[in-house]
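# Remarks on the overall topology
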Amino acid sequence: MKKGSLGLKLLELRQLHNLTQKQLCEALSIGRSTYSYFETGSRMPDIETLILIARYYKVSLDELTGFSDAVSEHTETNTDDNCSDIQVLHYLKSKNVSKEFILKLSKTDFDFLKDYKQLTDDNKAELQYLVNYKLRKQTK
């Protein structure tokens, strides 16, 4: 298993089920900070925790650990105009945006990115100008 692939799978499953880390951790009786380390790839869960998570999501250990791509198949059916949050996450990661930054993004942030993608190039440029203006004004 590649380093970080389990963390991305855990994040993917959690977001597919529209759960916050807090909600999931309460359901599994796992500390939120511990679980956060699992998603970021800083720590690996023990086998008992992997089984607990797999049972919660009703997936096999193979799916959870990346030996089967069954979970990913659910997210690959979306078109560019209807991309999933996970596809946005992978896109941002491919652009060398830090994992920590990505993990701090909320559903609202992802929804904004999905809406932004639907804008015309002129509207994107206008929005970028407005954002830059607001950032300059905010720092004064």
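Rules used in this analysis
- Residues numbered from 1 in each chain as written.
- Predicted model: local features only at pLDDT ≥ 70, side-chain atom pairs only at ≥ 80, totals over all residues.
- Heavy atoms only, no water.
- Helix = DSSP H or I, 4+ residues; strand = E, 2+ residues; numbered from the N terminus.
- Contact = heavy atoms within 4.5 Å.
- Areas by Shrake-Rupley, 256 points an atom, 1.4 Å probe, with all protein chains shown as cover.
- Core = buried A, V, L, I, M, F, W, Y, C linked by side-chain atoms within 4.5 Å.
- Buried < 20%, exposed > 50% of the residue type's maximum accessible area, 1.4 Å probe, protein only.
- Salt bridge = Lys/Arg side-chain N within 4 Å of Asp/Glu carboxyl O.
- Expected span 1.5 Å × (residues − 1).
- Axes fitted to C-alpha atoms, helices over the stretch in contact; angles between N-to-C directions.
- Parallel < 35°, antiparallel > 145°, perpendicular 65-115°, else oblique.
- Nonpolar A, V, L, I, M, F, W, Y, C, P; charged D, E, K, R; others polar.

The next subject is the overall build of the protein. When you go through the protein residue by residue, the secondary structure sums to 10 helices and 0 strands. For the protein, the N- to C-terminal ordering of α and β elements is α-α-α-α-α-α-α-α-α-α. Considering only contacts within the protein whose residues lie at least 6 apart along the sequence, 55% involve residues at least 24 apart. Surface exposure of the protein reaches about 9600 Å², of which carbon and sulfur atoms provide 51%.

A separate point is the nonpolar core. Generally speaking, nonpolar side chains in soluble globular proteins are found buried as a group. With 16 residues, the main nonpolar core has Leu10, Leu24, Tyr35, Ile53, Tyr57, Val59 and Leu64 as its most contacted residues. Put simply, the parts of the chain that give this core at least two residues each are helix H1 (5-16), helix H2 (21-28), helix H3 (32-40) and helix H4 (47-57). With 4 residues, the single largest contributor to this core is H4.

Before going further, it helps to spend a moment on the pattern of salt bridges. Any two side chains of opposite charge can pair, on the condition that their charged atoms come close. Inspection of the entire model under this criterion finds 3 salt bridges. In this structure, the salt-bridge partner of Glu39 is Arg14, at a minimum N-O distance of 2.6 Å. Here Arg14 lies in helix H1 and Glu39 lies in helix H3, a separation of 25 residues in the sequence. Each member of the pair, Glu39 together with Arg14, is buried. A salt bridge links Asp111 to Lys107; its shortest N-O distance comes to 3.1 Å. Residue Asp111 and its partner Lys107 are both found in helix H9 (residues 107-117); the two are separated by 4 residues, about one turn of the helix. Accessibility expressed as a relative area gives 45% for Lys107, which makes it partly exposed. When salt bridges with common partners are traced through the structure, they connect Lys107, Asp111 and Lys114 into a single cluster.

What follows deals with unusual backbone geometry. For Asn18, which is not glycine, the phi torsion reads 50 degrees and is therefore positive. Tracing the chain through its elements places Asn18 in the loop between H1 and H2. By relative accessible area, which is 57% here, Asn18 ends up exposed. The backbone of Ser29 sits at a positive phi, close to 55 degrees, despite the residue not being glycine. With respect to the helices and strands, Ser29 occurs in the loop between H2 and H3. Residue classification places Ser29 among the exposed residues on the basis of a relative accessible area of 70%.

With that out of the way, let us pick up H1. Given a rise of 1.5 Å per residue, 12 residues ought to cover 16 Å, and the 16 Å separating the end C-alpha atoms of H1 matches this to within 8%. Counting buried residues in H1 gives 10 out of 12 residues, a clear majority hidden from the surface. Buried residues of H1: Leu6, Gly7, Leu8, Lys9, Leu10, Leu11, Glu12, Leu13, Arg14 and Gln15, and no others. Looking one or two places after H1, you find Asn18, whose phi comes out positive at around 50 degrees.

Close contact between H1 and H3 brings their axes to 6 Å; oriented N to C, the two are set at 115 degrees. Classified by the interaxial angle, the pair formed by H1 and H3 is roughly perpendicular. For the pair H1 and H3, contact is made by Gly7, Leu8, Leu10, Leu11 and Arg14 and by Tyr35, Phe38 and Glu39, respectively. Within the contact of H1 with H3, the residues separate by chemical class into 5 nonpolar, 1 polar and 2 charged.

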